[in-house]
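Okay, here's what each chain looks like letter by letter:
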Amino acid sequence: MAKTKTAYVCADCGADYPKWQGQCEACGAWNTLSEFVLQPAKSAAGNARGAGYAGVDASSVQPLTQIAGEMERRHLVRIGELDRVLGGGLVEGSVVLVGGDPGIGKSTLLLQTLAALGQRLSGLYVSGEESLAQIAARGHRLGLLLEPIKALAETCVERILEHAISEKPRVLVIDSIQTIWTETLTAAPGSVSQVRESAARLVRFAKETGTCVFLVGHVTKEGGIAGPRVLEHMVDAVLYFEGETGSRFRVLRAFKNRFGAVNELGVFAMSDKGLREVPNPSAIFLSAHTAPTAGSAVMVTREGTRPLLVEVQALVDQSSLGNPRRVALGLEQNRLAMLLAVLHRHGGAAVYDQDVFVNVVGGIRVQETAADLPVLLAVLSSFRDKPLPEKTVAFGEAGLSGEIRPVPNGEERLREAAQHGFKRAIVPKANAPKKLRIGELEVIAVERLRGAIDAAFGAV
Ligand code: TYD
Ligand code: MG
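Just so you know, these numbers come straight off a predicted model, no measurement behind them.

Enquirer: Help me out: how do you make sense of the pattern of salt bridges in this one?
Expert: Side chains that differ in charge, positive against negative, can pair when their charged atoms come close. According to the stated counting rule, one finds 20 salt bridges in the structure shown. One salt bridge connects Glu-183 with Arg-159, and the closest N-O pair in it is separated by 3.9 Å. Of the two residues, Glu-183 is situated in the loop between β9 (171–175) and α7 (192–209) and Arg-159 in helix α6 (residues 157–167); the sequence distance between them amounts to 24 residues. You can call Arg-159 partly exposed: its relative accessible area is 34%.

Enquirer: Looking at this structure, how should I read the sheet that holds strand β13 (residues 265–271)?
Expert: Two orientations exist for strands paired in a sheet by backbone hydrogen bonds: parallel and antiparallel. Ordered by their spatial adjacency, 9 strands build an open sheet running β8-β7-β9-β10-β6-β11-β12-β13-β14, and the pairing between neighbours is mixed. Sheet topology places β8 (149–153) and β14 (274–277) at the edges, where each strand pairs with a single neighbour. This sheet shows a mean twist of 25° between the axes of neighbouring strands, independent of strand direction. Pairing geometry for β9 and strand β10 (residues 212–218), over 4 bridges, is parallel. Directly across from Val-171, in β10, lies its bridge partner Cys-212. With respect to the sheet, α6 is in contact with β7 (123–127), β8 and β9, its orientation differing from that of β8 by roughly 160°. In the packing of α7 onto the sheet, the strands contacted are β6 (95–100), β9 and β10, and the crossing angle to β10 comes to about 160°.

Enquirer: Where do I start with the packing of aromatic side chains in this structure?
Expert: How two aromatic rings sit relative to each other is set out by the distance from centre to centre and by the angle between their planes. According to the stated counting rule, one finds 2 aromatic pairs in the structure shown. The residue whose ring lies beneath Arg-413 is Phe-395, and the NZ or CZ to ring-centre distance is 5.3 Å.

Enquirer: What am I meant to see in helix α11 (residues 410–419) here?
Expert: Within an α-helix, residues lying three or four positions from one another point in the same direction, as the helix has 3.6 residues per turn. When α11 is considered as a whole, its buried residues turn out to be Gly-410, Arg-413, Leu-414, Glu-416 and Ala-417. Buried residues along α11 cover an arc of 160° about the axis, so they all sit on one side. Packing partners of the buried residues in α11 comprise β15 (296–303), β16 (306–318), β19 (392–394), β22 (424–428), β23 (437–438) and β24 (441–446). Directly beyond the C-terminal end of α11, a positive phi value near 80° is found at Gly-421.

Enquirer: Teacher, can you tell me more about the site of ligand 1 here?
Expert: As a matter of local geometry, ligand 1 sits amid 16 residues, with Gly-103, Lys-106, Ser-107, Thr-108 and Ser-271 nearest to it. At a separation of 2.8 Å, an oxygen atom of ligand 1 approaches a polar backbone atom of Lys-106. A distance of 2.5 Å separates an oxygen atom of ligand 1 from a polar side-chain atom of Thr-108. Expressed as a share of its isolated accessible area of 550 Å², the protein-covered part of ligand 1 is 72%. Counting only elements with at least two residues in the shell around ligand 1, the list comes to α4 (106–117), α5 (132–141) and β13. Considering each element in turn, the shell around ligand 1 owes the most residues, 3 residues, to α4. A breakdown of the residues in the shell around ligand 1 according to their chemical character gives 4 nonpolar, 6 polar and 6 charged.

Enquirer: Sorry if this is basic, but what is going on with the packing of α6 against α7 here?
Expert: Between two packed helices, the angle of one axis relative to the other and the distance separating the axes together describe the packing. Contact geometry for α6 and α7: axes closest at 10 Å, N-to-C directions at 15°. Accordingly, the angle class assigned to the pair α6 and α7 is roughly parallel. In this structure, the crossing between α6 and α7 has a hand that is right-handed. Between α6 and α7, the residues in contact are Val-157, Glu-158, Leu-161, Ala-164 and Ile-165 and Ser-198, Arg-201, Leu-202 and Phe-205, respectively. Partitioning the contact of α6 with α7 into residue classes produces 6 nonpolar, 1 polar and 2 charged.

Enquirer: What is the right way to look at the pairing of β16 in this model?
Expert: The side chains of a regular strand alternate, first on one face of the sheet and then on the other. Both β15 and β16 contribute to a ladder of 8 bridges, which runs antiparallel. Along β16, the bridge assignment pairs Ser-296 with Gln-313. Between β15 and β16, which pair antiparallel and follow one another directly, the connecting turn spans 2 residues, one of which, Gly-304, has a positive phi of 70°. With 7 bridges connecting them, β16 and strand β18 (residues 354–360) associate as antiparallel partners. By the bridge assignment, Gln-318 is partnered in β18 with Gln-354.

The rules we used
Residues numbered from 1 in each chain as written. Chains lettered and ligands numbered in written order. Predicted model: local features only at pLDDT ≥ 70, side-chain atom pairs only at ≥ 80, totals over all residues. Heavy atoms only, no water. Salt bridge = Lys/Arg side-chain N within 4 Å of Asp/Glu carboxyl O. Helix = DSSP H or I, 4+ residues; strand = E, 2+ residues; numbered from the N terminus. Buried < 20%, exposed > 50% of the residue type's maximum accessible area, 1.4 Å probe, protein only. Pairing = 2+ DSSP bridges. Axes fitted to C-alpha atoms, helices over the stretch in contact; angles between N-to-C directions. Contact = heavy atoms within 4.5 Å. Phe/Tyr/Trp six-rings, centres within 6.5 Å; stacked < 30°, edge-to-face > 60°. Lys NZ or Arg CZ within 6 Å of the ring centre and 35° of its normal. Arc of directions from axis to C-beta. Near = heavy atom within 4 Å. Polar contact = N/O pair within 3.5 Å; in protein donor to acceptor, adjacent residues only side chain to side chain. Areas by Shrake-Rupley, 256 points an atom, 1.4 Å probe, with all protein chains shown as cover. Nonpolar A, V, L, I, M, F, W, Y, C, P; charged D, E, K, R; others polar. Parallel < 35°, antiparallel > 145°, perpendicular 65-115°, else oblique. Left-handed = near helix turned anticlockwise from the far one by under 90°.

On their own, these measurements won't tell you what the molecule is for.
Here it is as structure tokens:
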């Protein structure tokens, strides 16, 4: 094989250098250079074409209406929650990145996926982390039908592709992409350039052969997938596995999906027989209080295509530190800082000398702004040591001037709360139905934070 040329490219500004250096001379950033393969112009053009879908090689301009008939081909995995997150099954030739903390169940899920696809779509499980004996032992313990699944312990992408070309699996699992390296680069396996280049090879392979490829990706401390962001751009779908170590529930979230809705959630429970689906998860993220407790508020979040009842807990306590702690678990830290400022200014509660901890029960992450109002109410409830009235839900976005803004799908959220026996809902005015009542659920429409606080704790 001819020696491939490589260059060191700055991830920030794109300047390139023949040798590695600590600082980019062009933009002054430190430690942003990583090694990339230089493609000769001709083969680079060939690759660019190969990276597209089969059939676009002969480039020609066509009216869209004439090509619309060619729908992507999908296969149901028959693990309902996974199919849901994928947007209705696995698309042929698609590349799906599955990220998550170690031990959350990525390998388990993908082994179960291959077993569920069984004879319909042959699978090849490539492991760079566990031995084949470990994988087989897990499969047996889970009672999976291992018959059609083949496994390979290999980390060199060139050799993996050789095997894939001769075995012709329809589904290829790479566990994990951080262990894979290519011969064309001298950088260490796991480095940004190795991960990126190996992933690019696998993506090209998927598009050229129509093989479905699952890439397992480790998550960094910051919560992103280790390796460059480009990994997320290269693949068709990015699914994140979330959950608390103590909790048996696991949430699979579509963070990006070219073939379905983003933020779609699939809910699983880890059992001794692997991951089980939780097809009706609406109320599992509520803790089982017998009496109303201070610092707890229930919200209706709507991640993906279905509403979920989720409990937000807050603990506000006198701080002994000069710089009080603000800790948000399952929510965005900066958002919490903003909400506390809004609470001070428009809710009259000064928490600047208090430690504030906010947690979403069950290890689920809530990314939508509809969590603002319940977070504010939970914080205030803990601060005043006064529980919210029983069977109350809330949702709504808080603005900097203290207004409570509407969120999408208000009515659907309210119906979900009514169905689960909630009696009162504090919601943005524009989300309230005209009749202010859904079944047993009384809807309290508020325009400003003040109104919401009065509705929750009674006017003072
Ligand atoms: P694994 O799939 O190896 O996680 P990842 O690939 O994301 O690192 O999951 C391992 C964890 O799941 C481990 O802590 C044990 C637990 N587990 C069960 O509780 N039950 C099971 O049936 C299996 C296979 C794993
Ligand atoms: Mg694993």
